[in-house]
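# Fold and geometry: a report
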Amino acid sequence: CITSVGKLRVEQGGIPSGTMRAAAATWMSRWFQRGERGLYGGTRTRFGNSVSHAGNRNRRTWKPNVQRKTFESEALQETFTLRMTARVIKTVERYGGLDQYLLRTPDHKIRYPQALLYKRAIRERIKEQV
């Protein structure tokens, strides 16, 4: 499944078509599809045992702490509401905003196709301003 917005084409795994990591991203997207719905920072559902006081073990899962958060893009002068984990929210604030986070994070780590489109739009706007 390929998403296209204007001239940009993005494969289902969030990697622009024609890149070297597209093949690796294809199997990764089948393994963990939830990461394509927001900025998850590489966190996945974790599995393990809950152990009672008596030592009985029961299988359980730990899901990522996903929140809906609104950030303003300084370059695009727009607000974006994105699904992201608490860890990514902290990272965005540490980097100084959504623009800086998207620009400093490599494309293969941002699996959310919409965020890749935002990143390219921010890059183009910054080039126009210079």
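Before reading on, note that the structure itself is shown above.
So, here is what we can say about the structure in this document. Bear in mind the structure is a predicted one, so any value in this text is a computation, not a measurement. Each chain has its residues counted from 1, running along the sequence as written. Local features in a predicted model are, by the rule used here, given only for residues with pLDDT of at least 70; side-chain atom pairs are given and counted only at 80 or more, and totals for whole chains, interfaces and linings are based on all residues. In computing side-chain values, all of the structure's heavy atoms are included and hydrogens and water are not.

### Notes on the pattern of salt bridges
Opposite charge on two side chains allows them to pair when their charged atoms are near. Any Lys or Arg side-chain nitrogen found within 4 Å of a carboxyl oxygen on Asp or Glu counts as a salt bridge. Summed over the entire model, instances satisfying the criterion amount to four salt bridges. In this structure, Arg-111 engages Glu-36 in a salt bridge whose closest nitrogen and oxygen atoms are separated by 3.2 Å. Of the two residues, Arg-111 is situated in the loop between α3 (98-104) and α4 (113-129) and Glu-36 in the loop between α1 (22-31) and β3 (46-51); the sequence distance between them amounts to 75 residues. Side by side, Arg-111 and Glu-36 carry an identical accessibility label, which is buried. Its salt-bridge partner being Lys-119, residue Asp-107 comes within 2.8 Å of it at the nearest N-O pair. Of this pair, Asp-107 sits in the loop between α3 and α4 while Lys-119 sits in helix α4; the two residues are twelve residues apart in sequence, bridging distant segments of the chain. Exposure remark for Lys-119: the relative accessible area of 2% places this residue in the buried category. Among the charged side chains, a salt-bridge network with shared partners connects Asp-107, Lys-119 and Arg-120. Per the convention used, a helix needs a DSSP run of H or I reaching at least four residues, while a strand needs a run of E reaching at least two, with both numbered from the N terminus. Note on classification: 1.4 Å probe, protein chains only; a residue is buried when its accessible area is under 20% of the maximum for its type, exposed when over 50%, partly exposed between these limits.

### Focus: the nonpolar core
Here the nonpolar core consists of buried residues drawn from Ala, Val, Leu, Ile, Met, Phe, Trp, Tyr and Cys, with membership extended through side-chain atoms lying within 4.5 Å. Counting residues in each nonpolar core, the largest one holds 19 residues, and the members touching the most others are Leu-39, Leu-82, Met-84, Leu-98 and Leu-102. At the level of secondary structure, the elements contributing two or more residues to this core comprise β6 (78-85), α2 (86-95), α3 and α4. Here this core takes four residues from α4, the largest share from any one element.

### Some details on the side chain of Glu-36
Overall, Glu-36 belongs to the buried group, its relative accessible area being 12%. Two N or O atoms form a polar contact when they lie within 3.5 Å of each other; inside protein one atom must be a possible hydrogen donor and the other a possible acceptor, and for residues adjacent in sequence the pair counts only when both atoms belong to side chains. Among the polar contacts made by the side chain of Glu-36, one reaches the side chain of Arg-111 at a distance of 3.2 Å.

### Quick notes on the packing of aromatic side chains
Side-chain rings of Phe, Tyr and Trp (the six-membered ring for Trp) are treated as a pair once their centres are within 6.5 Å; stacked means planes under 30 degrees apart, edge-to-face means over 60, and tilted covers the remaining angles. Evaluated as defined, the whole model comprises two aromatic pairs. Comment: the charge-over-ring label is applied if NZ (Lys) or CZ (Arg) is within 6 Å of the ring centre and within 35 degrees of the ring normal. Note that Lys-69 overlies the ring of Phe-71, its terminal NZ or CZ placed 5.6 Å from the centroid. When the ring centre of Tyr-95 is taken as reference, the NZ or CZ atom of Arg-104 above it lies at 3.9 Å.

These figures capture arrangement, not role.
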